[in-house]
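# Tertiary structure, described
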Amino acid sequence: MPLSSPQGCALPSSSTLNHFAPICEIILPKAFNFGDSNSDTGDLVAGLGISLPAEDGRSFFQKPSGRFSDGRLIVDFLRDAAGMPFLPAYLDAVGAPSFHKGCNFAAAGSTIQPATASSLCPFSFGVQVNQFFRFKARVLDLQSESNKYGKYLPEVEYFSKGIYMFDIGQNDLAGAFYSKTFDQIIALIPSILAIFEAGIKRLYNAGARNFWIHNTGPLGCLAQNIAKFGTDPSKLDEIGCVIDHNQAAKSFNSQLHQLCQSLRGQYADVNVTYVDIYSIKLDLIANSSQHGFEQPIMVCCGYGGPPLNYDSRVGCGGTAVINGTTATSKACNDSSKYVNWDGIHYTEAANHFIVSQILTGLYSDPPSPGTLLSRT
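Residues numbered from 1 in each chain as written. Predicted model: local features only at pLDDT ≥ 70, side-chain atom pairs only at ≥ 80, totals over all residues. Heavy atoms only, no water.

### Remarks on the sheet that holds strand β5 (residues 271-275)
Where we set the bar: Here, a strand pair is defined by DSSP locating no fewer than two bridges between the strands. Under the DSSP-based scheme used, a helix requires at least four consecutive residues in state H or I and a strand at least two consecutive residues in state E, with every element numbered from the N terminus. Residue contacts are counted whenever heavy atoms from the two residues lie within 4.5 Å of one another. Where helices are involved, their axes are fitted lines through C-alpha atoms of the stretch in contact, as for all axes, and angles between N-to-C directions lie from 0 to 180°.
Pairing in this open sheet of 6 strands is mixed, and the strands run β2-β1-β3-β4-β5-β10 from one edge to the other. Looking at the sheet topology across the chains shown, the edges are occupied by β2 (102-104) and β10 (364-365). Sheet topology note: the strand β3 (residues 163-167)/strand β4 (residues 210-214) ladder contains 4 bridges and is parallel. Looking at the pairing, Y164 lines up with F211 of β4. Contacting β1 (31-35), β3 and β4, helix α6 (residues 182-205) crosses the sheet at an angle of about 160° to β4.

Rendered as structure tokens:
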């Protein structure tokens, strides 16, 4: 794949969103992904045996694909950019998926902190790391027995040479606002990141050396949080986002960045890339019209109409009786004009834009995406 510029990779400006231009001399190595709904490609659906609304997946898959979006996620576009297949979900075994080029342990609703009885998802970060170790052990056992599984399983060397990707922490912060004060949430962040660090070190001690870590996005700009915590206009900033939620996200991200720098200092042989997803998403929302979007905050698949088109009582594609009237949440006609899909998750079009910015290298530390990927 020929290199188009020293700044990194870029995406073509295409309304079809079919393929990336082949513009990088970087082959994304075999990957293992950990996270929440921002990168879940089917784990929660398979793990809990639930179904997603018919509207999900319509922009690319033409049916629900286990992703909480109308189409592809950031992780899908990153894989596509490198000419790699999408990462199969660890728990979705039907159809004999091939894990030869990686595995996705991310599950929607997951947190860095251990799940509790009231958690939406039991597959917290620690559980996902445990699943990885189970996966690795089984791979090593099967590979030692026979080579007939080669096209389905990663080669042993991939566990040390592969890239370990992370996008998690959003639910720890967002969920905390329902029971804690702002100051309590800020005080909680170090303990959350201590759990994350412990998981990273477990992976390092098992041979992982290449880490790709996304920070968390502007939580205050999600319709779900605006509807619940932004009814008082004084709580909102100039673009309509909840101030405290975004401040908490920025505090989390600052400490996460420090952790990434600390890991590089502790381990001379580790490659850590920190990706500033927050700044990319905030720019997209604040300057949506410049980026080709018409609705930066209002939900595509929701209920209630402007300004948010969001009602927590009626999820995307759902029906409920509200004040004696049957209400149905329907998708908009053209999701490519919307940043937000369902009040929590981004549209495929927004995810495409986000990846186009990631691949410039301008939002990464180290500043070029090739700094990590070309060394693996």
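From this point, the narrative continues.
### Examining the packing of aromatic side chains
A ring pair, where both rings are aromatic, is described by two values, the distance of the centres and the angle of the planes. This is how it is decided: Stacked, edge-to-face and tilted labels apply to pairs of Phe, Tyr and Trp rings (six-membered ring for Trp) whose centres lie within 6.5 Å, assigned for plane angles under 30 degrees, over 60, and everything in between, in that order. The buried label applies to any residue whose accessible area, calculated with a 1.4 Å probe on protein chains only, is under 20% of its type's maximum; exposed applies above 50%, and partly exposed to all values in between. Definition used: whenever NZ (Lys) or CZ (Arg) falls within 6 Å of the ring centre and also within 35 degrees of the ring normal, the charge is taken to sit over that ring.
Counted under the stated rule, the structure contains 28 aromatic pairs. Seen in terms of ring centroids, F61 and F86 are 6.2 Å apart; in terms of plane orientation they differ by 70°. Their pairing is edge-to-face. One end of the pair, F61, is in the loop between α1 (43-48) and α2 (74-81); the other, F86, is in the loop between α2 and β2, and 25 residues separate them in sequence. Taking 5.8 Å as the distance between ring centres and 80° as the angle between the ring planes, the aromatic pair formed by F105 and F135 counts as edge-to-face. Of this pair, F105 sits in the loop between β2 and α3 (125-145) while F135 sits in helix α3, placing them 30 residues apart in sequence. For F105, a relative accessible area of 0% corresponds to the buried category. Looking at F135, the relative accessible area reads 7%, which means it is buried. Positioned above the aromatic ring of Y158, the side-chain terminus of K30 is 4.6 Å from the ring centre.

### A few points about the pattern of salt bridges
Short version of the rule: One side-chain nitrogen of Lys or Arg within 4 Å of one carboxyl oxygen of Asp or Glu is enough to make a salt bridge.
Using the criterion set out here, one finds 8 salt bridges in the structure. For D76, the salt bridge identified is with R67, shortest N-O distance 2.7 Å. Its relative accessible area of 0% is what places D76 among the buried residues. Since its relative accessible area comes to 6%, R67 is described here as buried.

### Some remarks on empty space enclosed by the protein
Basically, it comes down to this: For each structure, a 1 Å grid was placed over the protein atoms alone; sets of points admitting a 1.4 Å probe that cannot get out are labelled cavities, open sets with protein on both sides within 12 Å along at least five of seven lines are labelled pockets, and lining residues have an atom within 4 Å of a point. Grid points are joined across faces, edges and corners, and a volume is the space filled by probe spheres set on the points. Three categories are distinguished: nonpolar for Ala, Val, Leu, Ile, Met, Phe, Trp, Tyr, Cys and Pro, charged for Asp, Glu, Lys and Arg, and polar for the others, with Gly belonging to the last.
Under the defined criterion, the tally for this structure stands at 7 cavities of 30 Å³ or more. Size it by volume and the second largest cavity reaches roughly 60 Å³. S37, N38, F68, S69, L73, I74, K281, H345, Y346 and N351 together form the lining of the second largest cavity. Along the lines of polarity and charge, the residues of the lining of the second largest cavity split into 4 nonpolar, 5 polar and 1 charged.

### Quick word on the layout of surface pockets
The computed volume of the largest pocket comes to approximately 1,200 Å³. What lines the largest pocket is a set of 46 residues, and nearest its centre among them are G109, L120, N171, Q224 and I344. Examining the composition of the lining of the largest pocket, we find that 6 residues originate from one element, helix α5 (residues 170-176), more than from any other. Along the lines of polarity and charge, the residues of the lining of the largest pocket split into 21 nonpolar, 19 polar and 6 charged.

### Side note on the pairing of β3
Two faces make up the sheet, and in a regular strand the side chains alternate between them. The buried fraction of β3 is high, at 5 of 5 residues. Bridge analysis of β1 against β3 gives 5 bridges, and the strand direction is parallel. Bridge assignment links N33 to a residue of β3, and that residue is M165.

### Considering the pairing of β4
Judged by how many residues are buried, β4 sits mostly within the fold: 5 of 5 residues are covered. Burial along β4 is two-sided: N210, W212 and H214 and F211 and I213, pointing in opposite directions, are all buried. Here β4 runs beside β5; their pairing, made up of 5 bridges, is parallel. Among the inter-strand pairings, I213 is bridged to a residue of β5, identified as Y274.

### A word on helix α10 (residues 348-358)
The buried fraction of α10 is high, at 11 of 11 residues. Every buried residue belonging to α10 is among E348, A349, A350, N351, H352, F353, I354, V355, S356, Q357 and I358, and all of these are buried. Elements in contact with the buried residues of α10: α2, β4, β5, α9 (277-286), β9 (338-340) and β10.

### Looking at the side chain of Q131
By the secondary structure assignment, Q131 is in helix α3. Ignoring anything within four residues of it in the chain, the contact list for Q131 reads D43, Y90, L91, F105 and F123.

### Concerning the state of the cysteines
Selection criterion: By disulfide we mean two sulfur atoms from cysteines, separated by a distance within 2.5 Å.
Counting across every chain of the model gives 3 disulfides. For C300, the disulfide goes to C332, at an S-S distance of 2.0 Å. Between C300 and C332 the disulfide shows an S-S torsion of about -90°. By sign, it is left-handed. Placement of C300 in the loop between β6 (295-299) and β7 (319-322) and of C332 in the loop between β8 (325-328) and β9 is noted, with a sequence separation of 32 residues between them. Taken individually, C300 and C332 each receive the classification buried, so the pair is uniform in this respect. Between C301 and C316 runs a disulfide, and the two sulfur atoms are separated by 2.0 Å. Handedness here is read from the sign of the S-S torsion; for C301 and C316, about 85°, the answer is right-handed.

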